[in-house]
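Structure at a glance
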Amino acid sequence: MVIEEYTEEIVSIAKRENNTKRAYLVVNRLQGKHIPVEPSKPMGMFHALAQKVKAAYQGQALLAVGFAETATAIGAAVAAELGVPYIQTTREAVPGVEYLYFSEAHSHAAEQKLMKDDLDQMIGGIGRIVFIEDEVTTGNTILNIIGLLRKHYGNQIRFSVASLLNGMDEEAMGRYLVQQIDALYLVKTDHSHYGKVAGQSAGDGVYHKPSKVQGRGDGAACPSGRGLCQADAGQLQEIRIPGAQNARRMVQGAAYQAACQALWEKVQEAVPFEAAQDILVLGTEEFMYPPLFVAHQLQLLGHKVKCHATTRSPIAVSKEKDYPLHERYELASLYDGSRVTFVYDLAQYSLVLILTDAPCQENREGSISAGLVSLQDALCSCGNQNIYCIRWCET
(Lines give C-alpha, C1' and ligand atoms only; values in the text may rest on other atoms or scores of the structure.)
Protein backbone atom coordinates (compact mmCIF):
# COMPACT_ATOMS: atom_id res chain seq x y z
CA MET A 1 0.00 0.00 0.00
CA VAL A 2 1.38 3.40 -1.02
CA ILE A 3 1.91 5.85 1.86
CA GLU A 4 0.39 9.21 0.97
CA GLU A 5 1.30 12.60 2.37
CA TYR A 6 -1.52 14.21 4.32
CA THR A 7 -2.08 17.89 5.06
CA GLU A 8 -4.50 20.01 7.08
CA GLU A 9 -6.78 20.03 4.03
CA ILE A 10 -8.31 16.76 5.30
CA VAL A 11 -9.68 18.69 8.32
CA SER A 12 -13.09 20.34 8.57
CA ILE A 13 -14.48 22.12 11.61
CA ALA A 14 -17.95 21.42 12.96
CA LYS A 15 -19.89 22.93 15.83
CA ARG A 16 -20.48 20.82 18.92
CA GLU A 17 -24.03 21.01 20.16
CA ASN A 18 -24.61 22.09 23.76
CA ASN A 19 -20.98 21.62 24.77
CA THR A 20 -19.49 24.44 26.85
CA LYS A 21 -16.17 22.60 27.29
CA ARG A 22 -15.13 22.94 23.64
CA ALA A 23 -17.29 24.61 21.00
CA TYR A 24 -15.77 22.91 17.96
CA LEU A 25 -15.21 19.39 16.72
CA VAL A 26 -12.37 18.47 14.38
CA VAL A 27 -13.81 16.30 11.61
CA ASN A 28 -11.37 14.28 9.52
CA ARG A 29 -12.91 13.93 6.06
CA LEU A 30 -11.03 10.69 5.37
CA GLN A 31 -11.53 8.85 8.66
CA GLY A 32 -14.83 7.13 7.95
CA LYS A 33 -16.53 7.99 11.23
CA HIS A 34 -18.97 10.85 10.74
CA ILE A 35 -18.61 11.46 6.99
CA PRO A 36 -19.30 8.60 4.51
CA VAL A 37 -16.08 7.73 2.65
CA GLU A 38 -14.62 5.06 0.42
CA PRO A 39 -13.02 2.54 2.82
CA SER A 40 -9.65 2.64 1.05
CA LYS A 41 -9.19 6.22 2.29
CA PRO A 42 -9.20 5.52 6.04
CA MET A 43 -7.34 2.25 5.48
CA GLY A 44 -4.56 4.12 3.67
CA MET A 45 -4.34 6.74 6.39
CA PHE A 46 -4.25 4.16 9.18
CA HIS A 47 -1.49 2.32 7.31
CA ALA A 48 0.57 5.51 7.18
CA LEU A 49 0.25 5.96 10.94
CA ALA A 50 1.15 2.31 11.57
CA GLN A 51 4.32 2.75 9.55
CA LYS A 52 5.32 5.73 11.69
CA VAL A 53 4.87 3.67 14.84
CA LYS A 54 6.76 0.74 13.33
CA ALA A 55 9.69 2.93 12.31
CA ALA A 56 9.92 4.55 15.76
CA TYR A 57 9.69 1.40 17.89
CA GLN A 58 11.05 -1.48 15.84
CA GLY A 59 11.70 -4.44 18.12
CA GLN A 60 9.99 -2.97 21.19
CA ALA A 61 7.23 -4.82 23.07
CA LEU A 62 4.23 -2.60 22.36
CA LEU A 63 0.66 -2.45 23.52
CA ALA A 64 -1.69 -0.35 21.36
CA VAL A 65 -4.59 1.36 23.12
CA GLY A 66 -7.33 2.90 20.96
CA PHE A 67 -9.64 5.58 22.32
CA ALA A 68 -13.40 5.23 22.15
CA GLU A 69 -15.25 6.03 20.26
CA THR A 70 -13.64 7.75 17.30
CA ALA A 71 -10.20 6.09 17.38
CA THR A 72 -11.12 2.43 17.85
CA ALA A 73 -10.75 1.57 14.16
CA ILE A 74 -7.42 3.39 13.97
CA GLY A 75 -6.06 1.56 17.00
CA ALA A 76 -7.19 -1.83 15.75
CA ALA A 77 -5.74 -1.20 12.29
CA VAL A 78 -2.36 -0.18 13.74
CA ALA A 79 -2.27 -3.18 16.09
CA ALA A 80 -3.27 -5.56 13.29
CA GLU A 81 -0.57 -4.26 10.96
CA LEU A 82 2.16 -4.37 13.62
CA GLY A 83 0.98 -7.66 15.12
CA VAL A 84 0.90 -6.31 18.68
CA PRO A 85 -1.65 -6.66 21.50
CA TYR A 86 -4.56 -4.25 21.40
CA ILE A 87 -7.23 -2.97 23.75
CA GLN A 88 -9.61 -0.07 23.43
CA THR A 89 -11.09 2.20 26.05
CA THR A 90 -14.85 2.00 26.36
CA ARG A 91 -17.91 3.70 27.74
CA GLU A 92 -19.91 0.46 27.61
CA ALA A 93 -20.46 -1.88 30.54
CA VAL A 94 -18.42 -5.09 30.45
CA PRO A 95 -19.58 -7.50 33.17
CA GLY A 96 -17.28 -9.22 35.63
CA VAL A 97 -14.18 -7.07 35.28
CA GLU A 98 -12.40 -4.36 37.24
CA TYR A 99 -11.98 -1.02 35.46
CA LEU A 100 -9.55 1.84 35.48
CA TYR A 101 -11.66 5.01 35.18
CA PHE A 102 -10.44 8.27 33.70
CA SER A 103 -12.02 11.35 32.20
CA GLU A 104 -12.04 12.95 28.76
CA ALA A 105 -12.64 16.52 29.88
CA HIS A 106 -13.83 18.07 26.60
CA SER A 107 -16.23 15.28 25.66
CA HIS A 108 -20.01 15.22 25.93
CA ALA A 109 -19.59 11.74 27.52
CA ALA A 110 -16.58 12.23 29.75
CA GLU A 111 -16.18 8.88 31.52
CA GLN A 112 -13.83 6.36 29.93
CA LYS A 113 -12.80 2.92 31.16
CA LEU A 114 -9.94 0.53 30.55
CA MET A 115 -9.96 -3.11 31.67
CA LYS A 116 -7.59 -3.36 34.63
CA ASP A 117 -7.88 -7.17 34.77
CA ASP A 118 -6.43 -7.47 31.27
CA LEU A 119 -3.68 -4.94 31.90
CA ASP A 120 -2.69 -6.75 35.10
CA GLN A 121 -2.05 -9.92 33.08
CA MET A 122 -0.12 -8.20 30.28
CA ILE A 123 1.82 -5.45 31.98
CA GLY A 124 4.93 -7.48 32.78
CA GLY A 125 5.62 -8.14 29.10
CA ILE A 126 5.02 -4.61 27.83
CA GLY A 127 7.82 -2.12 27.26
CA ARG A 128 5.78 0.72 25.78
CA ILE A 129 2.11 1.64 25.58
CA VAL A 130 1.13 3.55 22.43
CA PHE A 131 -2.14 5.42 22.72
CA ILE A 132 -3.85 5.71 19.34
CA GLU A 133 -6.01 8.77 18.70
CA ASP A 134 -7.74 10.43 15.78
CA GLU A 135 -6.68 13.87 17.01
CA VAL A 136 -4.91 15.33 20.05
CA THR A 137 -5.59 18.93 21.04
CA THR A 138 -4.23 19.56 24.55
CA GLY A 139 -3.00 16.05 25.32
CA ASN A 140 -4.65 16.21 28.75
CA THR A 141 -6.71 13.04 28.33
CA ILE A 142 -3.54 11.06 27.60
CA LEU A 143 -1.83 12.65 30.61
CA ASN A 144 -4.78 11.66 32.81
CA ILE A 145 -4.58 8.01 31.89
CA ILE A 146 -0.77 7.89 32.01
CA GLY A 147 -0.90 9.30 35.52
CA LEU A 148 -3.38 6.60 36.47
CA LEU A 149 -1.26 3.83 34.93
CA ARG A 150 1.90 5.06 36.65
CA LYS A 151 0.05 5.07 39.94
CA HIS A 152 -0.98 1.43 39.49
CA TYR A 153 2.07 -0.01 37.68
CA GLY A 154 5.01 2.24 38.50
CA ASN A 155 7.40 3.92 36.07
CA GLN A 156 8.85 0.94 34.23
CA ILE A 157 6.64 1.43 31.15
CA ARG A 158 7.28 4.08 28.49
CA PHE A 159 4.45 5.91 26.78
CA SER A 160 3.67 7.40 23.38
CA VAL A 161 0.70 8.84 21.58
CA ALA A 162 0.21 8.27 17.85
CA SER A 163 -2.53 10.31 16.17
CA LEU A 164 -3.74 11.21 12.73
CA LEU A 165 -3.90 14.88 13.74
CA ASN A 166 -1.94 16.76 16.39
CA GLY A 167 -3.01 20.23 17.47
CA MET A 168 -0.90 20.53 20.62
CA ASP A 169 0.72 23.93 21.12
CA GLU A 170 4.32 24.42 22.30
CA GLU A 171 3.33 24.45 25.95
CA ALA A 172 1.47 21.16 25.64
CA MET A 173 4.32 19.57 23.69
CA GLY A 174 6.68 20.80 26.39
CA ARG A 175 4.70 18.97 29.08
CA TYR A 176 5.03 15.77 27.08
CA LEU A 177 8.77 16.32 26.64
CA VAL A 178 9.24 16.74 30.39
CA GLN A 179 7.36 13.51 31.07
CA GLN A 180 9.22 11.68 28.28
CA ILE A 181 6.07 10.96 26.28
CA ASP A 182 6.58 10.71 22.52
CA ALA A 183 4.05 12.26 20.13
CA LEU A 184 3.82 10.80 16.62
CA TYR A 185 1.33 12.12 14.07
CA LEU A 186 0.53 12.48 10.39
CA VAL A 187 -0.66 16.10 10.32
CA LYS A 188 0.11 19.08 12.58
CA THR A 189 -2.95 21.28 13.01
CA ASP A 190 -3.41 24.83 14.31
CA HIS A 191 -6.48 25.02 16.56
CA SER A 192 -6.20 28.72 17.33
CA HIS A 193 -8.98 29.69 14.91
CA TYR A 194 -11.17 26.58 15.09
CA GLY A 195 -13.53 28.02 17.71
CA LYS A 196 -14.18 31.06 15.54
CA VAL A 197 -14.84 28.89 12.48
CA ALA A 198 -17.34 26.77 14.40
CA GLY A 199 -19.06 29.88 15.75
CA GLN A 200 -19.70 31.15 12.23
CA SER A 201 -21.78 28.11 11.30
CA ALA A 202 -25.50 28.78 11.04
CA GLY A 203 -26.44 25.31 12.29
CA ASP A 204 -29.36 25.37 9.83
CA GLY A 205 -29.04 21.86 8.45
CA VAL A 206 -31.74 19.19 8.50
CA TYR A 207 -32.47 17.52 11.85
CA HIS A 208 -34.52 14.30 11.93
CA LYS A 209 -36.10 13.05 15.15
CA PRO A 210 -36.87 9.32 15.38
CA SER A 211 -40.47 8.45 14.55
CA LYS A 212 -40.36 5.20 16.56
CA VAL A 213 -37.95 4.31 19.33
CA GLN A 214 -39.80 1.68 21.37
CA GLY A 215 -39.71 -1.23 18.89
CA ARG A 216 -42.38 -2.44 16.51
CA GLY A 217 -45.02 -4.92 17.50
CA ASP A 218 -45.40 -6.10 13.91
CA GLY A 219 -41.81 -7.22 13.41
CA ALA A 220 -40.67 -10.79 13.71
CA ALA A 221 -38.87 -11.73 16.91
CA CYS A 222 -35.13 -12.27 16.73
CA PRO A 223 -34.24 -15.95 16.98
CA SER A 224 -32.60 -17.16 20.17
CA GLY A 225 -29.75 -18.71 18.22
CA ARG A 226 -27.93 -18.02 14.99
CA GLY A 227 -29.96 -17.47 11.88
CA LEU A 228 -32.08 -15.03 9.98
CA CYS A 229 -35.12 -12.96 10.88
CA GLN A 230 -37.08 -10.39 8.94
CA ALA A 231 -38.37 -7.20 10.57
CA ASP A 232 -40.28 -5.81 7.61
CA ALA A 233 -40.59 -7.80 4.39
CA GLY A 234 -38.09 -6.64 1.82
CA GLN A 235 -36.50 -4.07 4.14
CA LEU A 236 -34.37 -5.50 6.91
CA GLN A 237 -32.93 -8.92 7.51
CA GLU A 238 -30.87 -9.83 10.54
CA ILE A 239 -27.98 -12.26 10.51
CA ARG A 240 -25.90 -13.44 13.45
CA ILE A 241 -22.33 -14.46 12.76
CA PRO A 242 -20.25 -16.14 15.51
CA GLY A 243 -16.54 -15.80 16.16
CA ALA A 244 -16.41 -12.22 17.45
CA GLN A 245 -13.46 -10.90 19.40
CA ASN A 246 -14.24 -8.05 21.78
CA ALA A 247 -11.53 -5.40 21.58
CA ARG A 248 -12.79 -3.86 24.83
CA ARG A 249 -10.84 -6.78 26.26
CA MET A 250 -7.23 -7.53 25.33
CA VAL A 251 -6.85 -9.06 21.87
CA GLN A 252 -3.83 -9.94 19.76
CA GLY A 253 -3.59 -7.78 16.66
CA ALA A 254 -2.99 -10.67 14.26
CA ALA A 255 -5.78 -12.77 15.79
CA TYR A 256 -8.20 -9.84 15.63
CA GLN A 257 -7.38 -9.36 11.96
CA ALA A 258 -7.93 -13.06 11.33
CA ALA A 259 -11.31 -12.87 13.08
CA CYS A 260 -12.29 -9.93 10.86
CA GLN A 261 -11.29 -11.98 7.80
CA ALA A 262 -13.47 -14.85 9.03
CA LEU A 263 -16.33 -12.39 9.56
CA TRP A 264 -15.95 -11.19 5.98
CA GLU A 265 -16.05 -14.74 4.65
CA LYS A 266 -19.26 -15.43 6.57
CA VAL A 267 -20.78 -12.19 5.29
CA GLN A 268 -20.04 -13.30 1.73
CA GLU A 269 -21.85 -16.58 2.40
CA ALA A 270 -24.88 -14.97 4.04
CA VAL A 271 -25.53 -11.90 1.88
CA PRO A 272 -26.52 -12.30 -1.80
CA PHE A 273 -24.26 -9.69 -3.38
CA GLU A 274 -24.83 -8.70 -7.00
CA ALA A 275 -22.25 -7.37 -9.45
CA ALA A 276 -20.94 -3.84 -8.88
CA GLN A 277 -23.44 -2.79 -6.26
CA ASP A 278 -23.65 0.62 -4.58
CA ILE A 279 -23.17 -0.38 -0.92
CA LEU A 280 -23.16 1.34 2.47
CA VAL A 281 -21.42 -0.40 5.37
CA LEU A 282 -22.39 1.21 8.66
CA GLY A 283 -20.64 0.57 11.98
CA THR A 284 -22.13 1.31 15.39
CA GLU A 285 -20.54 3.66 17.94
CA GLU A 286 -17.33 2.04 19.26
CA PHE A 287 -17.59 -0.87 16.81
CA MET A 288 -15.78 0.46 13.76
CA TYR A 289 -12.83 -1.62 12.55
CA PRO A 290 -14.64 -4.86 11.57
CA PRO A 291 -17.22 -2.91 9.50
CA LEU A 292 -14.40 -0.94 7.85
CA PHE A 293 -12.54 -4.18 7.09
CA VAL A 294 -15.65 -5.70 5.46
CA ALA A 295 -16.28 -2.48 3.51
CA HIS A 296 -12.71 -2.51 2.20
CA GLN A 297 -13.01 -6.12 1.05
CA LEU A 298 -16.18 -5.23 -0.84
CA GLN A 299 -14.42 -2.30 -2.48
CA LEU A 300 -11.54 -4.55 -3.53
CA LEU A 301 -14.11 -6.77 -5.29
CA GLY A 302 -15.20 -3.82 -7.41
CA HIS A 303 -18.26 -2.57 -5.55
CA LYS A 304 -18.89 1.14 -5.05
CA VAL A 305 -18.72 1.34 -1.24
CA LYS A 306 -19.09 4.01 1.42
CA CYS A 307 -18.57 3.48 5.13
CA HIS A 308 -19.15 5.47 8.31
CA ALA A 309 -20.68 4.83 11.75
CA THR A 310 -23.29 5.90 14.24
CA THR A 311 -21.96 8.03 17.08
CA ARG A 312 -22.76 9.48 20.49
CA SER A 313 -21.52 12.88 19.33
CA PRO A 314 -24.29 15.50 18.96
CA ILE A 315 -22.93 17.70 16.18
CA ALA A 316 -24.73 20.68 14.68
CA VAL A 317 -25.41 20.34 10.96
CA SER A 318 -25.49 23.21 8.49
CA LYS A 319 -26.39 24.01 4.89
CA GLU A 320 -23.07 25.72 4.09
CA LYS A 321 -21.33 23.95 1.22
CA ASP A 322 -17.96 23.75 2.98
CA TYR A 323 -19.43 22.61 6.30
CA PRO A 324 -18.68 18.89 6.82
CA LEU A 325 -22.13 17.63 7.90
CA HIS A 326 -25.52 18.64 6.54
CA GLU A 327 -28.17 16.22 7.77
CA ARG A 328 -28.55 14.56 11.17
CA TYR A 329 -30.65 11.58 12.23
CA GLU A 330 -31.32 11.07 15.92
CA LEU A 331 -31.42 7.42 16.96
CA ALA A 332 -31.79 5.18 19.94
CA SER A 333 -28.56 3.30 20.62
CA LEU A 334 -28.35 -0.33 19.61
CA TYR A 335 -26.50 -0.92 22.88
CA ASP A 336 -28.93 0.92 25.16
CA GLY A 337 -32.32 1.96 23.81
CA SER A 338 -32.59 4.77 26.36
CA ARG A 339 -29.40 6.42 25.05
CA VAL A 340 -29.48 8.90 22.19
CA THR A 341 -27.06 8.45 19.29
CA PHE A 342 -26.74 9.97 15.83
CA VAL A 343 -25.82 9.27 12.24
CA TYR A 344 -25.01 11.89 9.62
CA ASP A 345 -25.55 12.38 5.89
CA LEU A 346 -27.27 9.16 4.95
CA ALA A 347 -28.05 8.53 1.29
CA GLN A 348 -29.75 5.90 -0.86
CA TYR A 349 -27.83 2.73 -1.74
CA SER A 350 -28.72 -0.51 -3.48
CA LEU A 351 -27.58 -2.43 -0.38
CA VAL A 352 -26.98 -1.45 3.25
CA LEU A 353 -25.00 -3.55 5.72
CA ILE A 354 -25.27 -2.56 9.37
CA LEU A 355 -22.46 -4.29 11.25
CA THR A 356 -22.67 -4.28 15.02
CA ASP A 357 -21.52 -6.16 18.10
CA ALA A 358 -24.57 -5.00 20.08
CA PRO A 359 -26.48 -7.92 21.59
CA CYS A 360 -30.00 -8.56 20.34
CA GLN A 361 -32.35 -7.13 22.97
CA GLU A 362 -35.97 -8.01 22.35
CA ASN A 363 -38.56 -5.53 23.53
CA ARG A 364 -41.67 -6.53 25.37
CA GLU A 365 -43.53 -7.27 22.14
CA GLY A 366 -40.73 -9.60 21.05
CA SER A 367 -39.70 -7.28 18.21
CA ILE A 368 -36.38 -5.87 17.09
CA SER A 369 -34.74 -3.45 19.51
CA ALA A 370 -35.54 0.25 19.71
CA GLY A 371 -32.09 1.12 18.40
CA LEU A 372 -32.41 -1.02 15.30
CA VAL A 373 -35.94 0.28 14.67
CA SER A 374 -34.81 3.90 14.72
CA LEU A 375 -31.79 3.17 12.50
CA GLN A 376 -33.93 1.21 10.06
CA ASP A 377 -36.44 4.07 9.92
CA ALA A 378 -33.66 6.56 9.20
CA LEU A 379 -32.28 4.40 6.38
CA CYS A 380 -35.72 3.74 4.89
CA SER A 381 -36.52 7.46 4.92
CA CYS A 382 -33.65 7.89 2.42
CA GLY A 383 -35.08 5.25 0.11
CA ASN A 384 -33.05 2.26 1.31
CA GLN A 385 -35.01 -0.99 1.02
CA ASN A 386 -32.36 -3.74 0.98
CA ILE A 387 -30.95 -3.65 4.51
CA TYR A 388 -29.08 -6.30 6.49
CA CYS A 389 -28.20 -6.07 10.16
CA ILE A 390 -25.20 -8.31 10.83
CA ARG A 391 -24.52 -8.96 14.49
CA TRP A 392 -21.05 -10.26 15.24
CA CYS A 393 -21.44 -12.51 18.28
CA GLU A 394 -18.90 -14.45 20.31
CA THR A 395 -20.91 -17.68 19.95
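Residues numbered from 1 in each chain as written. Predicted model: local features only at pLDDT ≥ 70, side-chain atom pairs only at ≥ 80, totals over all residues. Heavy atoms only, no water.

**Thoughts on the sheet that holds strand β4 (residues 85-88)**
- Strand order across the open sheet formed by six strands is β9-β8-β7-β3-β4-β13, with mixed pairing between neighbours. Two strands close off the open sheet at either side, each with one partner strand: β9 (181-188) and β13 (251-252).
- As paired strands, strand β3 (residues 62-66) and β4 are joined by three bridges and run parallel to one another. Its bridge partner being in β4, alanine 64 is matched across the sheet by tyrosine 86.
- Sitting on the sheet, helix α4 (residues 140-153) is in contact with β7 (128-136), β8 (158-166) and β9, with an inclination near 160° to β7. (Pairing = 2+ DSSP bridges. Helix = DSSP H or I, 4+ residues; strand = E, 2+ residues; numbered from the N terminus. Contact = heavy atoms within 4.5 Å. Axes fitted to C-alpha atoms, helices over the stretch in contact; angles between N-to-C directions.)

**A short note on the pattern of salt bridges**
- Here the structure, examined in full by the defined rule, presents 15 salt bridges.
- Here glutamate 269 ties to lysine 266 by a salt bridge, and the two come within 4.0 Å at their closest N and O atoms. In this pair, glutamate 269 and lysine 266 are both assigned in helix α7 (residues 253-270), three residues apart and thus about one turn of the helix distant.
- In this structure, the salt-bridge partner of arginine 339 is glutamate 285, at a minimum N-O distance of 2.7 Å. (Salt bridge = Lys/Arg side-chain N within 4 Å of Asp/Glu carboxyl O.)

**Notes on the sheet that holds strand β10 (residues 206-208)**
- Judged by pairing direction, the sheet is mixed, and its three strands sit side by side in the order β10-β16-β17 without closing on themselves. Taken across any chain shown, the strands that pair with only one partner, and hence form the sheet edges, are β10 and β17 (340-344). With direction set aside, neighbouring strand axes in the sheet form an average angle of 25°.
- Across three bridges, β10 lies against strand β16 (residues 327-332) in parallel orientation. The partner of valine 206 across the bridge, within β16, is glutamate 327.

**Things to note about the packing of aromatic side chains**
- Per the stated rule, a full pass over the model turns up eleven aromatic pairs.
- Here a set of aromatic residues connected by ring pairs shows up, and it is made of Tyr256, Phe287, Tyr289, Phe293 and Trp392.
- The ring centre of tyrosine 99 lies 4.4 Å from the NZ or CZ of lysine 113, which sits over that ring.
- Against the face of tyrosine 185 rests lysine 188, its NZ or CZ located 6.0 Å from the ring centre. (Phe/Tyr/Trp six-rings, centres within 6.5 Å; stacked < 30°, edge-to-face > 60°. Lys NZ or Arg CZ within 6 Å of the ring centre and 35° of its normal.)

**Here we look at α4**
- If you check α4, its first and last C-alpha atoms are 20 Å apart, about what 14 residues at 1.5 Å a residue would give, namely 20 Å.
- Those residues of α4 not exposed but buried are Thr141, Ile142, Leu143, Ile145, Ile146, Leu148, Leu149 and Tyr153.
- Downstream of α4 by one or two residues, glycine 154 has phi in the positive range, about 80°. (Expected span 1.5 Å × (residues − 1). Buried < 20%, exposed > 50% of the residue type's maximum accessible area, 1.4 Å probe, protein only.)

**With respect to unusual backbone geometry**
- Geometrically, the link from alanine 68 to glutamate 69 is a cis peptide bond, its omega value of 0° lying close to zero.
- Its place among the elements puts glutamate 69 in the loop between β3 and α2 (72-82).
- For alanine 276, which is not glycine, the phi torsion reads 50° and is therefore positive.
- For alanine 276, the location among the structural elements is in the loop between α7 and β14 (278-284).

Distances and angles like these do not, on their own, reveal function.
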